[in-house]
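So the chains spell out like this:
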Amino acid sequence: MGFTYDKIRRAAYVLASDAALLTGRYRALPFPEHWRDSLLALCNAGRGPEAEPYRTVPTYRMDGVLQSLAPDLVVRGRGADRQGSAEDFWLYAPADRPHPLPEPAFERLVTAWVRNLRPGTVPVRQIAETVAELRADPPRWREVEVDLLGCARTDGGTAIPAGRQFQLATDHLARRVLDLDPYDTGAGLLRFRAVPRGPRQQGAELMSQPLPHIAKNGGVWWFSVVLAISLHTVPFSARSRLHLHTGVRRWATHPGGDGQLRMPFRRDTSVYLLPPVPWLPGAPASDRYAVARLTRDRGTKAHGWRENGPAGILRDLALGLTFPDPADLLTTPERWIGEGPGVRAAVVHSTHMGAHEVGAGLMPNQRSQLVEWAEQALPEELVRVPDLRRSRLSSHTPANPRPKLQGEAKKAEEVRAAHARRASLAVAVRAITGETDSGGIPVVEIRLLWQSALMRDTAIAALAGVLALPGDGGRPGPEVFDTATPGSPVILRWDTHELSVRLRCLPLTGGLADSLGIDPAIRRKREALAEAIAVRRATVAAFLTADGADPDGPALALVEIDRRTDFTTPLHDPKFALRLGCADAGVVTQFTAVPRKARGYNSEKDVEHRARSGWLDGLRQLGVRVVPEHTLDGLLPAGLRYAAVWMVKRRADGPTRLPRHVPVAVLVSPGRPGSGQAVISGWDPNLGAWVPYPTFLIRLTELAELRDAGVGDGPTPDVKDVEPEEEGTPHRVTHRVRRESMEEQRRKTARYLQRMIRSLRGHPTLLLTHSQNSRSHWPWLQDGQAVADLIRTGHAPAGRLDPDLRLVRVRGAAGRETPQWWGIDNPSGVNGLAAGLWAESVTPVAASERVFYSTTDKAATFRASAVEADKLAPRPLRQGKRKGELTIDTGVPAWNPALMEITVMGCHPEPFEADEGDRPEALALAVHQLRQAPDYLDSLSLPLPLHLAALAQQYVLPTVADEDDASTASSPADDLEGLLGEETASVTDESSDPDPELVAASDFVKAPDLERQLALFG
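Note that the structure is predicted; figures quoted are calculated from it, not measured.

Student: Just checking my understanding: could you explain the overall build of the protein chain for this structure?
Tutor: Along the backbone of the protein chain there are 20 helices and 47 strands. Counting every position in the protein chain, which comprises 1018 residues, the buried fraction comes to 55%. At a minimum sequence separation of 6, the contacts of the protein chain that also span at least 24 residues come to 74%. Accessible surface for the protein chain amounts to roughly 42,900 Å². Of this, 51% is attributable to carbon and sulfur atoms.

See the structure below:
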């Protein structure tokens, strides 16, 4: 039995309670507002009367160039809310460091920037005149003192940091860390350098030199250690917090089969550059990295430096240096990494490039050691936040925990769970059909749309196993399966005392699972893709309708298709078209991959596991769930239900190139205590009612549709663009998305929330929300707006919660918003991991405490990963046959459960009528228990109701509605990123190191030669 941690430590720091201020002295340069008229005149020169004029000077590109060429600067983005601010400046540089941008160098950059405001469209003479005007009255640097952490408070008592503090406070701490002696790994020294952060990238980042790792096959792979610093707030806390995050950045090292690195599709890739001399003539030497991006030219398909960023300017100004040639960098990346002459360069590795022999992330013990070293740089005004202590209110596991059995006991438990699953399916079918227990034995119809005999036979056996179905269902010989057609399938039947199961087996013929066949050479890919999806969708719906599928009676289909990587490009993957077509026929879908053997890949060996998992996930879409039952009787209202709101989002660069934002809500109504059963419902905004979960999923395909002008009753169209052809020919209608403003989206979300929340009255309900997912559309969830025990859904003032409603917000580690953590006080000295609910107060937790934290056990696939794993130096093994031998863990992926913040934003702590009043700790513990669904192998990254709502992402694919369809869409468009694909059960892996350097690629725009510009203007 391992050590049980009762305290965990966070890498988070606040201003000490007895500290007055933490300040820094800077050279600061205001944006020259007196340049505004001259620059706007240049920007608007030659633009027709129909063009929207520039009203603000576009400085984004200049900001990026400044940050790359003078990386010791802190560049503040010049947003509309900051223009003309007397207390905030454009550029900052520490006063005790060499001036990073002398006047001659600044003039050269301004000249280049002005020339590129309207490249090729404005006469050279007008540009020269503008440059002369700017040079005649340059801005002047000032000496200022900045309060780095002091801030005002909201009405709810939450800190409100000033905008500049997010960059200056983090940069201040980063510079102090850089002044430390190098970090001793035990096998060498880590020497960190700063990485420039753009004006829209909050926080600071330090990165070590590239480190080599020799794999078992002898190949050398490279990586660096990263230390990130960010500033955050916590609800109802008057002090902002600095977070330290450690991780690994892996470098693309080995080209693929075609002789070059496999670059991500439709994305730019970051390259970190280190010159031996300053990039900018006249600027002081800097030991900071610069960052440029490789992009793909849509015309030539070749990769090059992104010219409308700083890369082109860097290349031309690096006098006497060899700037990496993109072709050379992609074919021989290792030649540019590490020590060497001239410019050094390293390409960021992403998962799109294939496997990497360096494992992602750092385990908790090594993470804590790095943070302890960095803490030496803390100024005396900063202290670490208090350690969190384990809640003692009740058991941290639900009343029906996931059993941990072995041998015969495990087999008996699997049989019991299968019978319980069958009973739950009967409850779900009755909920779908509206029948009662007295309505006879319900019948459930399931389809297996197969392509390979191996998966077909395995899936049939797996279904019988997961539902404990007796016999073979009347299975015929194998030759009969091949002759099945829609309307005449092979039907297997099982009758039990709870329900009757009908499995309709059909081969997926007629090319339904084939590539969508989008020609990569055509220019109008959006229209071609939309047409291909529409055709395949209609064909699939007709296929199932011919087999008797009923749109009014949701059923389930397990569909066997190729993996996404088996198709030439993501444009060819038919999964979304199949899902939409099945939904049109009233069928929810779960996909499983065709088993194949290939070089380095064999999916036939795990076909049983994948078939079983496919059925389990499919049955969950029908509402078959085992709900965690809380252990807080007497501390929570009797019969408490759980509702969850999720903002489903699809980006404009998604599968159909159409953005969409759809708010969804799910309601979990637990059944008889001890059964683990529940009725799962989804909110239908068109009906204004809760409908069965599978019905809700299917109707989401309609809510995601975008309407042409003149269709529906909305005041403005979602899409419309008619492109005229030659005279005498029909018009071709193409579709252009009109992006709704955030204010429009928030109004629609408010209307949705008001109706949905009103429907919850009359029964105790806990409403769950997710901060990063929903706060942009429901501003009340933002730290800076929340007030305890009040709620606001629109423009009306905040009001008290309904007596039956409780509001809880969770926040995950995305954006580094919750700190990294580790368990402490192990007698062995090893800092590790612990599962449970945590609070800052000592027990008993005060009723005023509203913020708690949840951690979970490691995922089963990482159960054996060592918490003391070391990626940087050999360590002795602590146990096993090789105890005492040295090992190094560079090639082993690290895994750490993320720290989930649970904020009880609204409850009723004071007695209300006959109630005793809510205990926020009890509500938080119930949310923690909801992450431990017994029918999943691992704990969930979200509480179960939020998990169910988030899975709706699968059914929201923005498409353009048929003009004959007069139904109306109820939700606005959005261009934010979608969060979920297929259903997953694992907890968030905080150390999986997603690739923050990958950015959506824009059009490849060539800029004029900068050296020619500089020669022209002196």
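Student: Just to check I follow, could you spell out the packing of aromatic side chains for this structure?
Tutor: For any two aromatic rings, the description comes down to two numbers: the centre-to-centre distance and the angle of the planes. Summed over all chains, the structure comprises 11 aromatic pairs. Their ring planes at 70 degrees and their centres at 5.6 Å tell us that Tyr-183 and Trp-373 sit as a pair that is edge-to-face. Taken together, the positions of Tyr-183 in strand 9 (residues 183–184) and Trp-373 in helix 8 (residues 364–374) put the pair 190 residues apart, joining distant regions of the chain. The burial state of Tyr-183 is the same as that of Trp-373; both residues are buried. Following the ring pairs from residue to residue traces out a cluster consisting of Tyr-26, Phe-89 and Tyr-92. Looking at Arg-10, its charged tip hangs above the ring of Tyr-853, at a distance of 5.1 Å from the centre. Here the basic side chain of Arg-620 rests over the ring of Tyr-936, its NZ or CZ set 3.9 Å away from the ring centre.

Student: Could you clarify how one ought to interpret unusual backbone geometry in this entry?
Tutor: What you tend to see is this: most non-glycine residues have negative phi, and most peptide bonds are trans. Its identity is not glycine, yet Phe-236 carries a phi of approximately 70 degrees, on the positive side. Its location among the elements puts Phe-236 in the loop between strand 14 (220–232) and strand 15 (241–251). Among the residues examined, Phe-236 registers a relative accessible area of 23% and is labelled partly exposed. In the Ramachandran plot, Arg-816 falls in the positive-phi region, its phi being about 60 degrees despite a non-glycine side chain. Here Arg-816 shows up in the loop between strand 39 (805–811) and strand 40 (821–823). On the accessibility criterion, Arg-816 (27% relative accessible area) is partly exposed.

Student: Mind showing me how you'd approach the pattern of salt bridges here?
Tutor: When charged atoms on two side chains of opposite charge get close, those side chains can pair. Under the criterion given, the structure shown has 50 salt bridges. Through salt bridges that share partners, Arg-775, Asp-783, Arg-809, Arg-811, Glu-817 and Glu-901 make up one connected network.

Student: Explain the sheet that holds strand 23 (residues 490–495) to me, please; I cannot follow it from the model alone.
Tutor: Note: strands within a sheet are paired through backbone hydrogen bonds, in either parallel or antiparallel orientation. As summarised here, the arrangement of the 5 strands in space is 23-24-22-25-26, forming an open sheet in which the pairing is mixed. The strands lining the two open edges of the sheet, one partner per strand, are strand 23 and strand 26 (587–593). Taking the axes of each pair of neighbouring strands and ignoring which way they run, one obtains an average angle of 20 degrees across the sheet. Sheet topology note: the strand 22 (residues 443–450)/strand 25 (residues 555–561) ladder contains 4 bridges and is parallel. Residue pairing for strand 25: Ile-446 is matched across the bridge by Leu-556. On the sheet, helix 12 (residues 525–546) packs against strand 22, strand 24 (500–507) and strand 26 and is oriented at approximately 130 degrees with respect to strand 22. Each of strand 25 and strand 26 is contacted by helix 13 (residues 575–584), which is oriented at about 150 degrees to strand 26, the strand it contacts most.

Student: What exactly am I supposed to notice about the nonpolar core here?
Tutor: Generally speaking, soluble globular proteins have nonpolar side chains that are buried together. Counting 128 residues, the largest nonpolar core has Leu-503, Trp-615 and Val-664 as its most contacted members. Among all residues touching Trp-615, those that are not within four sequence positions of it are Ile-446, Arg-447, Leu-448, Ala-459, Ala-462, Leu-463, Val-466, Leu-503, Leu-556 and Leu-558. With 49 residues, the next largest nonpolar core counts Ala-19, Leu-227, Ile-229 and Leu-231 among its residues.

Student: Explanation requested: the environment of Val-348 in the structure shown.
Tutor: Within the secondary structure, Val-348 sits in the loop between strand 19 (344–347) and helix 8. Taking the C-alpha atoms as reference points, Val-348 and Tyr-272, separated by 76 residues in sequence, lie 7.7 Å from one another.

Student: Hey, could you run me through helix 10 (residues 453–466) in this one?
Tutor: The end-to-end C-alpha distance of helix 10, which contains 14 residues, comes to 20 Å, matching closely the 20 Å that a straight helix rising 1.5 Å per residue would cover. Two residues or fewer after helix 10 comes Ala-468, characterised by a positive phi angle close to 50 degrees.

Student: Before we go on, may I ask you to explain the pairing of strand 24 in this structure?
Tutor: Taking burial as the measure, the 8 residues of strand 24 include 8 buried ones, the bulk of the element. Where burial is concerned, the two faces of strand 24 agree: the one with Ser-500, Arg-502, Arg-504 and Leu-506 and the one with Val-501, Leu-503, Cys-505 and Pro-507 are both buried. Note that strand 23 and strand 24 share 6 bridges and pair antiparallel. Bridge pairing links Val-490 to Cys-505 in strand 24. Counted along the chain from strand 23 to the antiparallel partner strand 24, the turn is 4 residues long.

Student: Could you clarify how one ought to interpret the pairing of strand 25 in this entry?
Tutor: Every regular strand shows the same layout, with side chains that alternate between the two sheet faces. Counting buried positions over the 7 residues of strand 25 gives 7, a clear majority of the element. The alternating pattern of strand 25 places Ala-555, Ala-557, Val-559 and Ile-561 on one face and Leu-556, Leu-558 and Glu-560 on the opposite face, and all of these are buried. As judged from the 7 bridges shared by strand 25 and strand 26, these two strands associate in the parallel manner. Within strand 26, the residue paired with Leu-556 across the bridge is Val-588.

Student: Where do I start with the confidence of the model for the protein chain in this structure?
Tutor: Parts of the prediction with low pLDDT should not have their coordinates interpreted in detail. Residues with a pLDDT of 70 or more make up 83% of the protein chain, whose mean pLDDT is 83. Contacts from residues 961–989, a stretch scored under 50 in pLDDT, to residues over four places away or in other chains number 108 contacts. Confidence drops under pLDDT 50 across residues 991–1018; counting only partners more than four residues distant or on other chains, this segment forms 87 contacts.

Student: How should I be thinking about the sheet that holds strand 4 (residues 74–75) in this particular structure?
Tutor: Within the open sheet, the 4 strands sit side by side as 4-5-3-6. Their pairing is antiparallel. The sheet is open, and its two borders are formed by strand 4 and strand 6 (142–147), each paired with just one other strand. Alignment of strand 3 (residues 23–29) against strand 5 (residues 91–94), held across 4 bridges, turns out to be antiparallel. Counted as the bridge partner of Leu-29 is Leu-91 from strand 5.

Student: Can you help me understand the environment of Leu-329 in this one?
Tutor: Position of Leu-329 relative to the elements: it lies in helix 7 (residues 326–331). Taking the C-alpha atoms as reference points, Leu-329 and Val-271, 58 residues apart in sequence, are found 9.6 Å from one another. Apart from residues no more than four positions distant in its own chain, Leu-329 is found in contact with Leu-261, Val-271, Leu-294, Trp-305, Pro-324, Trp-336, Ala-345 and Val-347.

Student: Can you help me understand helix 5 (residues 165–178) in this one?
Tutor: The α-helix advances 3.6 residues per turn, and as a result positions three or four apart in sequence lie on the same side. For helix 5, with 14 residues, the first-to-last C-alpha span of 19 Å sits near the 20 Å given by 1.5 Å per residue. Buried residues dominate helix 5, accounting for 11 of its 14 residues. By the burial criterion, the buried members of helix 5 are Gln-165, Gln-167, Leu-168, Ala-169, Thr-170, Asp-171, His-172, Leu-173, Ala-174, Arg-175 and Val-177.

Student: Just checking my understanding: could you explain the packing of helix 10 against helix 14 (residues 607–621) for this structure?
Tutor: Packed helix pairs are characterised by how far apart their axes lie and by the angle those axes make with each other. Where helix 10 meets helix 14, the closest approach of the two axes is 8 Å, and the angle between their N-to-C directions is 55 degrees. Accordingly, the angle class assigned to the pair helix 10 and helix 14 is oblique. Between helix 10 and helix 14 the crossing geometry is right-handed. Note on element contacts: helix 14 touches helix 10 through Val-607, Glu-608, Arg-610, Ala-611, Arg-612, Trp-615, Leu-616 and Leu-619, opposite Leu-454, Met-455, Thr-458, Ala-459, Ala-462, Leu-463 and Val-466. Residue composition of the contact of helix 10 with helix 14, by class: 11 nonpolar, 1 polar and 3 charged.

Cut-off values and rules
All residue numbers refer to position in the chain's written sequence, counted from 1. Confidence filtering applies because this is a predicted model: local features only for residues at pLDDT of at least 70, side-chain atom pairs given and counted only at 80 or more, and all residues used for totals across whole chains, interfaces and linings. Working from all heavy atoms in the structure, the side-chain values ignore hydrogens and water. For helices the rule is a DSSP run of H or I covering at least 4 residues; for strands it is a run of E covering at least 2, with both sets numbered from the N terminus onward. Accessibility here uses a 1.4 Å probe with only protein chains present; expressed as a share of the type maximum, an area under 20% marks a residue as buried, one over 50% as exposed, and anything in between as partly exposed. Note on contacts: a residue pair qualifies if any of its non-hydrogen atoms lie within 4.5 Å across the two residues. In this description, accessible areas are obtained by the Shrake-Rupley approach with a 1.4 Å probe, and a residue is regarded as covered only by the protein chains that are shown. Stacked, edge-to-face and tilted are the three classes for Phe, Tyr and Trp ring pairs, Trp counted by its six-membered ring, which pair at centre distances within 6.5 Å; planes under 30 degrees apart are stacked, over 60 edge-to-face, the rest tilted. Criterion for a charge above a ring: Lys NZ or Arg CZ within 6 Å of the ring centre, and within 35 degrees of the ring normal. Definition used for salt bridges: Asp or Glu carboxyl oxygen within 4 Å of a side-chain nitrogen of Lys or Arg. Following DSSP output, two strands are said to pair if at least two bridges run between them. To define axes, lines are fitted to C-alpha atoms, for helices over the stretch in contact only, and angles between the resulting N-to-C directions are given on a 0 to 180 degree scale. Here, the term nonpolar core denotes a set of buried Ala, Val, Leu, Ile, Met, Phe, Trp, Tyr and Cys residues that are joined through side-chain atoms within 4.5 Å. Helices are assigned an expected span. That span is 1.5 Å times one less than the residue count. For every residue, the predictor states its confidence as a pLDDT score lying anywhere from 0 to 100. Oblique is the label for every angle not falling under 35 degrees (roughly parallel), over 145 degrees (roughly antiparallel), or within 65 to 115 degrees (roughly perpendicular). For a crossing to be left-handed, the near helix must be turned anticlockwise from the far one by less than a right angle; the clockwise case is right-handed. Ten residue types, Ala, Val, Leu, Ile, Met, Phe, Trp, Tyr, Cys and Pro, are classed as nonpolar, four, Asp, Glu, Lys and Arg, as charged, and the remainder, Gly among them, as polar.

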